[in-house]
Amino acid sequence: MTELHRRGVSAIVPLENRTIRTKGKWTTRKYVIFPGYVFINMKYSWSQYYIMSGIKGIIRLLGGGNSPEPLSDNDVELIVKDTELFAEPSVLKFSDDGSYEIVSGILMKLKDSIKKLDRHARRATVEIILAGKKTEIKLSFLIHNS
């Protein structure tokens, strides 16, 4: 990403402060939400293509070849505007009957896309549409203690 910035290309890699259990304690580490993806903001042209094609690690553009796939307005909102929401884990409050309420975080916005909750690992599997394709991402959450 540093090389992209050095060449004047605006790039984003959404990160999450993921909660993980290590040696019996919950800790936080930074994780890439969309592994393998770097999101760039540019007006596509052949000159921009050649700027990026020379950077080590860039394999291809989404959509492939000569016509990259632009992100939809919803994709841009999720990746660019909601990046701060991804940074901190969502907070969920569980009831005795197994139901839950999302108290805060990105999962509030993605509640209709949640496919699975793993309470033990504190992970939510969310299915989103990214560049026209179904994509699953895993997001951390904290459990609200009441």
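Our structure's up above, just so we're on the same page.
Now for a quick tour of the structure.

Conventions and cut-offs
- Residues numbered from 1 in each chain as written.
- Predicted model: local features only at pLDDT ≥ 70, side-chain atom pairs only at ≥ 80, totals over all residues.
- Heavy atoms only, no water.
- Salt bridge = Lys/Arg side-chain N within 4 Å of Asp/Glu carboxyl O.
- Helix = DSSP H or I, 4+ residues; strand = E, 2+ residues; numbered from the N terminus.
- Buried < 20%, exposed > 50% of the residue type's maximum accessible area, 1.4 Å probe, protein only.
- Contact = heavy atoms within 4.5 Å.

**A short note on the pattern of salt bridges**
No. 1: Tallying each qualifying case throughout the model produces three salt bridges.
No. 2: Two residues, arginine 6 and glutamate 3, come together in a salt bridge whose shortest N-O distance is 2.6 Å. Here glutamate 3 and arginine 6 lie together in helix 1 (residues 2-6), a separation of three residues that amounts to about one turn.
No. 3: Note that glutamate 77 is salt-bridged to lysine 109, the shortest N-O span being 2.5 Å. Placement of the pair is glutamate 77 in helix 3 (residues 73-81) and lysine 109 in helix 5 (residues 106-109), with a sequence separation of 32 residues.
No. 4: Look at glutamate 77 and you get partly exposed, because its relative accessible area is 33%.
No. 5: Look at lysine 109 and you get partly exposed, because its relative accessible area is 41%.

**Here we look at unusual backbone geometry**
No. 1: For lysine 23, which is not glycine, the phi torsion reads 55° and is therefore positive.
No. 2: Topologically, lysine 23 is positioned in the loop between strand 2 (15-22) and strand 3 (25-32).

**Things to note about the environment of lysine 115**
No. 1: Residue position: lysine 115 is located in strand 7 (residues 114-118).
No. 2: Taking the C-alpha atoms as reference points, lysine 115 and serine 104, eleven residues apart in sequence, are found 18 Å from one another.
No. 3: With residues up to four places along the chain from it excluded, the contact list for lysine 115 reads Thr125, Val126 and Glu127.

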